[in-house]
Amino acid sequence: MLLTVEIPSPFGSVNESDTVVYETILLSKISPIINALSKSYVNIYKEEFLKASFCSQEADKRILSRSGMQYLTASGKFCMKIYFDMPLLKGISINQKPSERAIRGVLSSISDIISDIDQNEVKKCVDVFHRQNTIRSFLADNNYCAFVADGSILPRESETDRSMTDAVPFVSPKSLAVTIPFDDGTTLTGMGIKCGVTVIIGGGYSGKSTLLDALENGVY
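Rules used in this analysis
Residues numbered from 1 in each chain as written. Predicted model: local features only at pLDDT ≥ 70, side-chain atom pairs only at ≥ 80, totals over all residues. Heavy atoms only, no water. 1 Å grid on protein atoms, 1.4 Å probe; cavity = no way out; pocket = protein on both sides within 12 Å on 5 of 7 lines; lining within 4 Å. Points joined across faces, edges and corners; volume = space filled by probe spheres on them. Helix = DSSP H or I, 4+ residues; strand = E, 2+ residues; numbered from the N terminus. Nonpolar A, V, L, I, M, F, W, Y, C, P; charged D, E, K, R; others polar. Axes fitted to C-alpha atoms, helices over the stretch in contact; angles between N-to-C directions. Left-handed = near helix turned anticlockwise from the far one by under 90°. Contact = heavy atoms within 4.5 Å. Pairing = 2+ DSSP bridges.

A. Quick look at the layout of surface pockets. Within this model, the largest pocket holds a volume of roughly 1500 Å³. Around the largest pocket, the lining comprises 32 residues; the ones closest to its centre are Q132, A214, N217, G218 and Y220. Elements with a contribution of two residues or more to the lining of the largest pocket: helix 3 (119-141), strand 7 (144-149) and helix 4 (208-217). Looking at which element gives the most residues to the lining of the largest pocket, the answer is helix 3, with six residues. Looking at the lining of the largest pocket residue by residue, the classes come out as 17 nonpolar, seven polar and eight charged. Taken as a whole, the second largest pocket holds about 400 Å³ of empty space. Along the walls of the second largest pocket sit 20 residues, with I200, S206, G207, K208 and L211 positioned nearest its centre. Broken down by secondary-structure element, the contributors of at least two residues to the lining of the second largest pocket are strand 9 (187-194) and helix 4. The biggest single contributor to the lining of the second largest pocket is helix 4, with four residues.

Shown next, in the form of structure tokens:
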């Protein structure tokens, strides 16, 4: 079954244009705890139908809309969706005691998480989102299709999305360098790729695929 939980906004008033950021933050904070809690309920000595199990959609570092957490404009609350397998008695009726225990655990965990959210961290995420949108607008207005900031760490640790330690930071070729201004007076310099055909060349293990992977994920 699908369990929906309405969560009061821990962010105060929410600007509708920024809802995707808040949705991503909440889901990334709550889902690992909820999924870990489900695993803690596993009892290898019980049949599968006697166990309460549940899971929620997980979020990575990309800021994008997901079905697992959505902002409800009318109520000013967030709606989280959790897939819940109720334990059964004799395979036909819900086993009430473990079901209630699991639901209480889920709601208690959510309450603890939203009361402990770092608002400074939230502000940084919103600021990054605004800067992303400024970069996208600049690219569209100036006929660019992609941008890589100077100082970016493009290689990833093996099979993760974490930046590789001791990697060489990216530096734009001077012929492709572009500077993007922001409303707060700061700027960001890096490589701008114009719309059209661009050829990337280099020897083996020189970073061609790494750069292409970064450009592919740059849409986020």
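B. Geometry of the packing of helix 1 (residues 19-40) against helix 2 (residues 96-114). Look at helix 1 against helix 2: their axes get within 10 Å of each other, and the N-to-C directions meet at 145 degrees. Handedness of the crossing formed by helix 1 with helix 2: right-handed. Residues L26, K29, I30, I33, I34 and L37 of helix 1 form the contact with helix 2, whose participating residues are G105, V106, S109, I110, I113 and I114. Looking at the contact of helix 1 with helix 2 residue by residue, the class counts come to nine nonpolar, two polar and one charged.

C. Focus on the sheet that holds strand 8 (residues 177-181). One open sheet accounts for three strands, arranged 7-9-8; its pairing is antiparallel. Strands at the two margins of the open sheet, each flanked by one partner only, are strand 7 and strand 8. Strand-to-strand twist in this sheet, taken as the mean axis angle between neighbours without regard to direction, amounts to 45 degrees.

D. Quick look at unusual backbone geometry. In the Ramachandran plot, E159 falls in the positive-phi region, its phi being about 60 degrees despite a non-glycine side chain. Structurally, E159 can be placed in the loop between strand 7 and strand 8. Phi at D166 is positive, roughly 65 degrees, even though this residue is not glycine.

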